[in-house]
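Listed here are the chains, written in short residue letters.
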Amino acid sequence: MSRKAPEPVQVVKQRRDAALAALVAGVPYIQFLGINFDRRGDELTAVMPFEDKLIGNPLLPALHGGATAAFLEVTSIIGLSWAMLWDEVESGQLDPDALAQGKLPRLPKTIGFTVDYLRSGLPRDAYARAHITRSGRRYASVKAEAWQDNRARPFAQATGHFVMPRQNG
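Rules of the game
- Residues numbered from 1 in each chain as written.
- Predicted model: local features only at pLDDT ≥ 70, side-chain atom pairs only at ≥ 80, totals over all residues.
- Heavy atoms only, no water.
- 1 Å grid on protein atoms, 1.4 Å probe; cavity = no way out; pocket = protein on both sides within 12 Å on 5 of 7 lines; lining within 4 Å.
- Points joined across faces, edges and corners; volume = space filled by probe spheres on them.
- Nonpolar A, V, L, I, M, F, W, Y, C, P; charged D, E, K, R; others polar.
- Core = buried A, V, L, I, M, F, W, Y, C linked by side-chain atoms within 4.5 Å.
- Buried < 20%, exposed > 50% of the residue type's maximum accessible area, 1.4 Å probe, protein only.
- Helix = DSSP H or I, 4+ residues; strand = E, 2+ residues; numbered from the N terminus.
- Contact = heavy atoms within 4.5 Å.
- Pairing = 2+ DSSP bridges.
- Axes fitted to C-alpha atoms, helices over the stretch in contact; angles between N-to-C directions.

## So, the layout of surface pockets
Alright, step 1. Put simply, the second largest pocket is a space of about 270 Å³.
Alright, step 2. For the second largest pocket, the lining is made up of 14 residues, of which Asp42, Glu43, Leu44, Gly79 and Ala130 are closest to its centre.
Alright, step 3. In the lining of the second largest pocket, the residues fall into eight nonpolar, three polar and three charged.

What follows is the structure, encoded as structure tokens:
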């Protein structure tokens, strides 16, 4: 019995990074906010570098609530999409070059999104992670949490419900 030799780790990492970059590049609002994603295996951490345009109240100064909510929603949608695509990326079925050329899969659509503002977002970089609590063929539920200097002290958290895109077939 002969097995197929495993791919070199660099090839797999390049495919993962290219697929994630194409997925993120397909949403212009992500670029507007300056959000990027740090990938470690299948775990994503969203990073929103601080910019003055993100300030909502210049007297405090504090991050705008809309920027915070958008950051958590983007984190949830990209995290959910990444989990959806993971098996195809790993097996090589998904071509990162096709993604880069705009042949992107449909993203989940938000049904409802609730944000809890726990404290003021300070004028510094913010980080977030999404945790998928349920993901089925039609519906998904995701919790996201954003923090700045200390992960144990989140400044906002959210719960989102999403309609999953139809799979081919």
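Following the structure, the description resumes.
## Some points on the nonpolar core
Nonpolar side chains tend to gather and get buried jointly when the protein is soluble and globular.
Alright, step 1. In this structure, Leu20, Ile35, Phe37, Met48, Phe71, Leu72 and Ile78 are the most contacted members of the largest nonpolar core, which totals 35 residues.
Alright, step 2. Going through the elements one at a time, helix 1 (9–25), helix 2 (28–33), strand 2 (43–48), helix 3 (65–91), strand 6 (126–135), strand 7 (139–147) and strand 8 (156–163) are the ones with two or more residues in this core.
Alright, step 3. In terms of residue count, helix 3 provides more of this core than any other element does, 11 residues in total.
Alright, step 4. The contacts of Phe71, once residues within four sequence positions are left out, are Leu33, Ile35, Ala46, Val47, Met48, Ala126, Tyr127, Ala128 and Ala146.
Alright, step 5. Among the nonpolar cores identified, the runner-up in size contains six residues, and Ile77, Leu80, Val142 and Phe162 belong to it.

## Considering the environment of Arg138
Alright, step 1. Within the fold, Arg138 resides in the loop between strand 6 and strand 7.
Alright, step 2. For Arg138, a relative accessible area of 65% corresponds to the exposed category.
Alright, step 3. Each C-alpha atom, one on Arg138 and one on Glu73, is 18 Å from the other, the two residues being 65 residues apart in sequence.
Alright, step 4. Every residue in contact with Arg138, bar those within four places of it in the chain, is listed here: Phe162, Val163 and Met164.

## Here's the deal with the sheet that holds strand 2
In a beta sheet, neighbouring strands pair by backbone hydrogen bonds and run either parallel or antiparallel.
Alright, step 1. Read across the sheet, six strands follow the order 1-2-6-7-8-5 without closing on themselves; strand pairing throughout is antiparallel. Each end of this open sheet is capped by a strand with a single partner; those strands are strand 1 (36–40) and strand 5 (109–117). This sheet shows a mean twist of 25° between the axes of neighbouring strands, independent of strand direction.
Alright, step 2. Note: strand 7 against strand 8, eight bridges, orientation antiparallel.

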